[in-house]
Protein chains: 2
Amino acid sequence: MLLPEPIQLLIDALSRLPGVGPKTASRLTFYLLRTDASAAQDLSVALAGLRSGTATCHQCFNITSAGQDLCPICASPDRDAALICVVEEPLDVVALERTGGYKGLYHVLGGALSPIEGVGPDDLKMAELLTRLQDGKVKEVIIATNPSMEGDATAMYMQQQVVPNAVRLTRLARGLPMGGDLEYADQSTLLRALAGRQAMS
Amino acid sequence: MLLPEPIQLLIDALSRLPGVGPKTASRLTFYLLRTDASAAQDLSVALAGLRSGTATCHQCFNITSAGQDLCPICASPDRDAALICVVEEPLDVVALERTGGYKGLYHVLGGALSPIEGVGPDDLKMAELLTRLQDGKVKEVIIATNPSMEGDATAMYMQQQVVPNAVRLTRLARGLPMGGDLEYADQSTLLRALAGRQAMS
């Protein structure tokens, strides 16, 4: 009743975003009303193109542009195909790429094992990782799951069930702060963690 | 290079919002990629309709639905047309309406006087307020600008230059915390401020 429908609609849609409450949503909405019209328009167009413009890499399951089977990293001849770094989310790839210290390929699991949230091995790209390892060309798998309970459980599971014994299995050094989120780690911490990676028993 | 264009586009557009940095923008973007597709779509549609679906009330300059000359408050026969409450922004109207303790009309200035930011009387709806007061039907003007330096200056200016002497001029009681923002005040503070409003010397 108090607000015109188009405004209430936008406040409601913004409130559904994580970390955005009704007050912040109102603020953003009235900011978009006040500022030049292109801001709301640009955002609208970008949102509309988000799903249609993106696809999942058929090899590593990272996000890529629509119409591409392989992401630029998998398609690049300059990357070391004998090395695969396993991460939970696409943002983790971004964080590792930003260091400039890694030249292998990736494998994006799409999350971590979590019995509490009902995430099992079948919900992650575990079988797909095994398939990638079967032709024997991959010499090392670096596990770069988050340094959390779920990340540890996922690493353990991969060691026991997924990665063949013939493949060298390493894990990012524990320079990473426990309970943190990989994508928030600073670049030097990530570089040190890459350099100091340890063989799993 | 690292991210597909549609994703970078959305991160850039979100980063331009006040209080949203690149990290938050990335988080929101990947949240929208992960969650069901309707979230991004709903937001896109709501943003596209924001400007086209809204208009400014010709009388009080509050936000209203497109195609309406008057907002629902100005158009209502139940509101006391002898009483005008002057506020800075449309969100202030929402805050006052939420108290349920005010039955008059509003006048939205569109900001406050601020020499530092170059906002003068001509940038606000001052002349339009004077026009509304000229037929003598309005008996009281309640100034509800923010309890800040700019809000105080705006109130002073209206007392000296805008509101005729024949009209009773009042101001919200200083139950409001100084330096704060009207829209963040809690309802009981706003109610007490309405009830304890003081005549300006």
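Scroll up to find the structure.
Note that this is a predicted model, so its numbers are computed, not measured.

Colleague: Outline the interface of chain B and chain A, listing residues and values.
Modeller: Across the contact, 51 residues belong to chain B and 51 residues belong to chain A. Remark: the boundary between chain B and chain A carries 4 salt bridges. As a salt-bridge pair, Asp42(A) and Arg16(B) come within 3.7 Å of each other at their nearest N and O atoms. Taken together, the links from chain B to chain A amount to 7 residue pairs in polar contact (both at pLDDT 80 or more). For the side of chain B that touches chain A, the secondary structure elements donating two or more residues are α1 (5-15), α2 (22-34), α3 (38-52), β2 (63-65) and α5 (90-99) of chain B. A total of 11 residues in the side of chain B that touches chain A trace back to one element, the largest contributor, which is α3(B).

Colleague: Now, about the sheet that holds strand β7 (residues 198-199) of chain A: what can you tell me, with residues and values included?
Modeller: Strand pairing in a sheet relies on backbone hydrogen bonds. The paired strands run either parallel or antiparallel. Residue and element names in this part refer to chain A. The strand order β4-β3-β5-β6-β7 describes an open sheet built from 5 strands, whose pairing is mixed. Looking at which strands have only one partner, the edges of the open sheet turn out to be β4 (104-108) and β7. Where strand β5 (residues 140-143) lies against strand β6 (residues 168-171), 4 bridges are found, and the strand directions are parallel. Among the inter-strand pairings, Ile143 is bridged to a residue of β6, identified as Arg171.

Colleague: Mind laying out helix α6 (residues 126-133) of chain B, listing which residues take part and the relevant values?
Modeller: All names here are of chain B. Three or more residues of α6 are buried, namely Met126, Leu129, Arg132 and Leu133. Along the axis of α6, the buried residues cluster in a sector spanning 115 degrees; they form a single face. Those residues of α6 that are exposed and aimed more than 90 degrees away from the buried face are Ala127 and Thr131. Here the buried face of α6 lies against β3 (80-87), β4 (104-108), β5 (140-143) and α7 (149-162).

Colleague: Describe the sheet that holds strand β6 (residues 168-171) of chain B, with residues and values.
Modeller: All names here are of chain B. One open sheet accounts for 5 strands, arranged β4-β3-β5-β6-β7; its pairing is mixed. The sheet is open, and its two borders are formed by β4 and β7 (198-199), each paired with just one other strand. Strands in contact with α5 are β3 and β4; relative to β4, the strand with the most contacts, it is inclined by about 155 degrees. Where α6 meets the sheet, it contacts β3, β4 and β5, and its direction lies at approximately 150 degrees from that of β4.

Colleague: A description of the environment of Ser52(A) should follow, citing residues and the corresponding values.
Modeller: Residue and element names in this part refer to chain A. When you line up the elements, Ser52 lands in helix α3 (residues 38-52). The exposure class assigned to Ser52 is exposed, which follows from its relative accessible area of 55%. Taking the C-alpha atoms as reference points, Ser52 and Ala66, 14 residues apart in sequence, are found 6.9 Å from one another.

Colleague: So what about unusual backbone geometry? Which residues, and what values?
Modeller: Residue and element names in this part refer to chain A. Non-glycine residue Phe61 carries a positive phi angle of around 65 degrees. Here Phe61 lies in the loop between β1 (54-56) and β2 (63-65). Judged by its relative accessible area of 18%, Phe61 is buried.

Colleague: Give me the relation of the copies chain B and chain A: which residues, what numbers.
Modeller: Turning chain B through 180 degrees and shifting it by 0.0 Å along the axis lays it on chain A, with an RMSD of 0.0 Å. This pairing of chains is accounted for by a two-fold axis. When each C-alpha of chain B is compared by its distance to the rotation axis, Ser44(B) comes out closest, at 2.1 Å. With an isologous cut-off of 70% or more, the 100% of interface residues of chain B that recur at the interface of chain A puts this contact in the isologous class.

What counts and what doesn't
- Residues numbered from 1 in each chain as written.
- Chains lettered and ligands numbered in written order.
- Predicted model: local features only at pLDDT ≥ 70, side-chain atom pairs only at ≥ 80, totals over all residues.
- Heavy atoms only, no water.
- Contact = heavy atoms within 4.5 Å.
- Salt bridge = Lys/Arg side-chain N within 4 Å of Asp/Glu carboxyl O.
- Polar contact = N/O pair within 3.5 Å; in protein donor to acceptor, adjacent residues only side chain to side chain.
- Helix = DSSP H or I, 4+ residues; strand = E, 2+ residues; numbered from the N terminus.
- Pairing = 2+ DSSP bridges.
- Buried < 20%, exposed > 50% of the residue type's maximum accessible area, 1.4 Å probe, protein only.
- Arc of directions from axis to C-beta.
- Axes fitted to C-alpha atoms, helices over the stretch in contact; angles between N-to-C directions.
- Least-squares fit on C-alpha atoms with pLDDT ≥ 70 in both.

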